[in-house]
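Single-letter residue listing:
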Amino acid sequence: MRATFVASEVGHGLRRNLTMTLAVVITVAVSLGLFGGALLLRAQVSTMKDFWYDKVEVSIFLCSRGSDAASCSGGAVTQAQRDQIRTDLESLKPLVDTIFYESQADAYKHFQEQFANSPIADNVRESALPESFRVKLSDPTKYEVVASAFAGRPGVEQVNDQRQILDKFFRLLGGLQAIALAIAVLMLIVTVLLIVNTMRVAAFSRRRETSIMRLVGASNFYIQLPFLLEAAFAAAAGAILAIFALVLTKGILVDQVIAPSFQFTSFVGWDAVFWIAPVMLITGILLAGSAAFFTLRKYLRV
Amino acid sequence: MILFDHVTKLYPSQQRPALDEVSVEIEKGEFVFLVGPSGSGKSTFLRLILREERPTQGSVWVAGKELGHLSNWKIPYFRRQIGTVFQDFRLLPNKTVTENVAFALEVIGKPKAHINKVVPEVLEVVGLEGKENRRPDELSGGEQQRVAIARAFVNRPMLLIADEPTGNLDPGTSVGIMQLLDRLNRLGTTVVMSTHDSAIVDQMRRRVIELEGGHLVRDQSRGVYGYAQ
């Protein structure tokens, strides 16, 4: 194997097919960029889930005087009912992690803080706000256990899971991610088709060389290697462009534009970029290499 | 060196076989002319030797190997033992004489030092000293064919296949090429050459194998071109 000879063949081939090479580089960059973007979005969703599921609570609102739910027909919650609920919650440990009781007075105070400087705050009286148990679960997905135990029991007006509100939001992000992935897959298919055609043209434009190589007994590997390396080179160049775009997305779009405006949540870290980048590079090279390999098997037969 | 054992070759799209039950043996060191009209099966005969085609029936043996059982990955190594020359020279137009010959060695992974040593040697054998840095379009047809022969011979093959090597050359130039092939044959290389050139065949008086319509119609040592009636 003569490395310098193969290298000069590759350089020659890349220059000869410059426009096709550029087309491959760009489509690889766009498709891998979308692919990497979809992976980054996925990492973002999982970061947000970790962040938010850690904070969400199940709220058990108790009946107050004005409640009109069926379970509140006996009027406001009694002390006995309240104690029973607390005891039952205690018995659900370790699923129930912490229990926090918010009285009507506390609820009123929080409400005033939350809507300070707003006319709503003046219109709400303390008796209109329900008292509640705020329960944090060790496993937030097991909300149903708590809901079935307390929903509809006398003295309980409503059981609310904050997670359900978040899930709608996460479903939206998941949808975006699916769309990005679908476009990425489509673009990757386009990339493969383009590489197949590029290899056909390259094999055709060098049929004189390859036919002589066959005649003098060059191995298939040696005949195909320059073509394979060309495809891999173009793919690697495209992947590096895409990784560059991903780094810019994380460093500028996420860290400097989005994150300062949405300080209530956490954002994906550089660790995600560090594993997505090699995935993109390897995907690009493997895809281009195998597309080239199977095309050449057809067009450069012994 | 070469043995055809009841070889029939039928191409998929054709009714009549290109070769029909051909059996022939060529010994090591022989010089054999393959003659016959166009479409008689000469090219198929040569392609079978090079294992560019497989026989439909029968078996082809070259250099002790039954080509039907040669696995695909071994074919390149098998072809390194055979030199090939064509009517249209098949040189690379953007490479010099030296580079064209060196190409054949580069692509089978020979070391640079070896190439630098054997290429000038073989160019001297074929009589191209002083033209090493010319490109093919700066050479006459005869000289181009000498480059092709140098490329075929540089790896010192046991067998040289020449498919109408003088087909594009004028008679005077052809004589020079035939003298060169004769010299390579005397160096121990088996030569199988297809041709339409009766003058050459008559003059050389070597073994003649004649094909017609895929049949072997004549196999004559020290033969001439148009002998069979």
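What should I look at first to understand the overall build of chain B in this one?
Per the secondary structure count, chain B includes 7 helices and 10 strands. For chain B, whose C-alpha radius of gyration is 18 Å, the value lies close to the compact-globule estimate of 17 Å for 229 residues. Each principal axis of the C-alpha distribution contributes one length, and for chain B these read about 50 × 40 × 35 Å. Sorting the 229 residues of chain B into buried and exposed places 55% on the buried side. Once local pairs closer than 6 in sequence are excluded, the contacts in chain B between residues at least 24 apart make up 68%. By element, 47% of the accessible surface of chain B is carried by carbon and sulfur atoms, the whole surface being about 10200 Å².

Please explain the pattern of salt bridges as it appears in this structure.
If charged atoms from side chains of opposite charge come close, those side chains can pair. Residues and elements named next belong to chain B. Counted according to the given criterion, the structure contains 18 salt bridges over all chains. With a shortest N-O distance of 3.5 Å, Glu53 and Lys9 are connected by a salt bridge. Of this pair, Glu53 sits in the loop between α1 (42-49) and β4 (57-62) while Lys9 sits in strand β1 (residues 2-9), placing them 44 residues apart in sequence. For Glu210, the salt bridge identified is with Arg218, shortest N-O distance 3.0 Å.

Sorry, what's going on with the confidence of the model for chain A here?
A low pLDDT score tells you not to read the predicted coordinates there in detail. Scored by pLDDT, chain A comes out at a mean of 84, with 99% of its residues at no less than 70. Helix α10 (residues 270-299) of chain A holds the highest mean pLDDT among the elements of chain A, 90, whereas helix α5 (residues 119-123) of chain A holds the lowest, 73.

Teacher, can you tell me more about the sheet that holds strand β2 (residues 19-26) of chain B here?
What holds strands together in a sheet is hydrogen bonding between their backbones, with the strands either parallel or antiparallel. Residues and elements named next belong to chain B. Read across the open sheet, the 4 strands follow the order β2-β1-β4-β5; overall the sheet is antiparallel. The outermost strands of the open sheet, each flanked by one partner alone, are β2 and β5 (65-66). For β1 and β2, the ladder comprises 5 bridges, and the chain directions are antiparallel. Among the inter-strand pairings, Leu3 is bridged to a residue of β2, identified as Glu25. On top of the sheet, α1 reaches β1, β2 and β4; it is set at about 120° to β1, its chief contact.

Is there a simple way to explain the domain arrangement of chain A in this structure?
Where the parts come together, the accessible area they lose is often given as the size of the interface. What the domain assignment reports for chain A is domain 1 (2-52 + 167-300) and domain 2 (56-161). Taken over C-alpha atoms, the centre of domain 1 of chain A sits 53 Å from the centre of domain 2 of chain A.

Help me out: how do you make sense of empty space enclosed by the protein in this one?
Vacant regions in the atomic arrangement are exposed by a probe of water-molecule size rolled over the atoms. Under the defined criterion, the tally for this structure stands at 4 cavities of 30 Å³ or more. In this model, the largest cavity occupies a volume close to 130 Å³. In terms of lining, the largest cavity is formed by 14 residues, of which the most central are Leu215(A), Val216(A), Ile82(B), Arg151(B) and Ala152(B). Looking at the lining of the largest cavity, the elements with two or more residues in it are β6 (82-86) and α5 (141-153) of chain B. With 3 residues, the single largest contributor to the lining of the largest cavity is β6(B). The residue inventory of the lining of the largest cavity, partitioned by class, reads 8 nonpolar, 3 polar and 3 charged. In this structure, the second largest cavity occupies an estimated 80 Å³ of space. Of all the elements in the fold, those that place two or more residues in the lining of the second largest cavity are α2 (18-53), α7 (162-205) and α9 (220-261) of chain A. Here the residues of the lining of the second largest cavity sort into 6 nonpolar, 3 polar and 1 charged.

When you look at the layout of surface pockets in this model, what are you seeing that I'm missing?
Roughly 460 Å³ of internal volume is contained in the largest pocket. As for the largest pocket, its lining consists of 20 residues, and the residues nearest its centre are Leu41(A), Gln44(A), Leu253(A), Val254(A) and Ile258(A). For the lining of the largest pocket, the element with the most residues is α9(A), which contributes 7 residues. Empty space within the second largest pocket amounts to approximately 320 Å³. Around the second largest pocket, the lining is made up of 17 residues, and of these Glu9(A), Asn94(B), Lys95(B), Glu99(B) and Glu106(B) lie nearest the centre. In terms of residue count, helix α4 (residues 112-125) of chain B provides more of the lining of the second largest pocket than any other element does, 5 residues in total.

Hey, could you run me through the sheet that holds strand β2 (residues 96-102) of chain A in this one?
Residue and element names in this part refer to chain A. Pairing is antiparallel across the open sheet formed by 4 strands, whose spatial order is β2-β3-β1-β4. In the strand order of this sheet, the two ends are held by β2 and β4 (156-161), each with one partner. Adjacent strand axes in the sheet meet at a mean angle of 15°, parallel and antiparallel pairs treated alike. Pairing geometry for β2 and strand β3 (residues 132-137), over 6 bridges, is antiparallel. Bridge pairing in β3 links Glu102 to Ser132. Of the strands in this sheet, β1 (58-62), β3 and β4 touch helix α6 (residues 143-150), which is tilted by about 175° from β4.

Looking at this structure, how should I read the interface of chain B and chain A?
On the chain A side, the residues contacting the 25 residues of chain B number 17 residues. Summed over both sides, the interface of chain B with chain A buries roughly 1900 Å², with 61% coming from carbon and sulfur. It is Arg79(B), Phe103(B) and Val107(B) that lose the most area in chain B upon contact with chain A, and together they represent 29% of the buried surface on that side. If you look at where chain B meets chain A, you find 1 salt bridge. Note that Glu52(B) is salt-bridged to Arg214(A), the shortest N-O span being 3.3 Å. Where chain B meets chain A, there are 4 residue pairs in polar contact (both at pLDDT 80 or more). Listing elements by their share of the side of chain B that touches chain A, those giving two or more residues are α2 (75-79), β6, α3 (97-106) and α4 of chain B. The leading source of residues in the side of chain B that touches chain A is α2(B), at 4 residues.

What am I meant to see in the pairing of β4(B) here?
A regular strand carries its side chains on alternate faces of the sheet. Residue and element names in this part refer to chain B. Sheet topology note: the β1/β4 ladder contains 5 bridges and is antiparallel. Along β4, the bridge assignment pairs Leu3 with Trp61. For β4 and β5, the ladder comprises 2 bridges, and the chain directions are antiparallel. When the bridges of β5 are listed, Trp61 appears paired with Glu66. The hairpin formed by β4 and β5 contains 2 residues between the paired strands, and Ala63 there has a positive phi angle of roughly 50°.

So, how was this worked out
Residues numbered from 1 in each chain as written. Chains lettered and ligands numbered in written order. Predicted model: local features only at pLDDT ≥ 70, side-chain atom pairs only at ≥ 80, totals over all residues. Heavy atoms only, no water. Helix = DSSP H or I, 4+ residues; strand = E, 2+ residues; numbered from the N terminus. Rg over C-alpha atoms; globule rule 2.2 N^0.38 Å. Buried < 20%, exposed > 50% of the residue type's maximum accessible area, 1.4 Å probe, protein only. Contact = heavy atoms within 4.5 Å. Areas by Shrake-Rupley, 256 points an atom, 1.4 Å probe, with all protein chains shown as cover. Salt bridge = Lys/Arg side-chain N within 4 Å of Asp/Glu carboxyl O. pLDDT = per-residue confidence, 0-100. Pairing = 2+ DSSP bridges. Axes fitted to C-alpha atoms, helices over the stretch in contact; angles between N-to-C directions. Domains from an automatic or database assignment. 1 Å grid on protein atoms, 1.4 Å probe; cavity = no way out; pocket = protein on both sides within 12 Å on 5 of 7 lines; lining within 4 Å. Points joined across faces, edges and corners; volume = space filled by probe spheres on them. Nonpolar A, V, L, I, M, F, W, Y, C, P; charged D, E, K, R; others polar. Buried area = accessible area lost by both parts, 1.4 Å probe. Polar contact = N/O pair within 3.5 Å; in protein donor to acceptor, adjacent residues only side chain to side chain.

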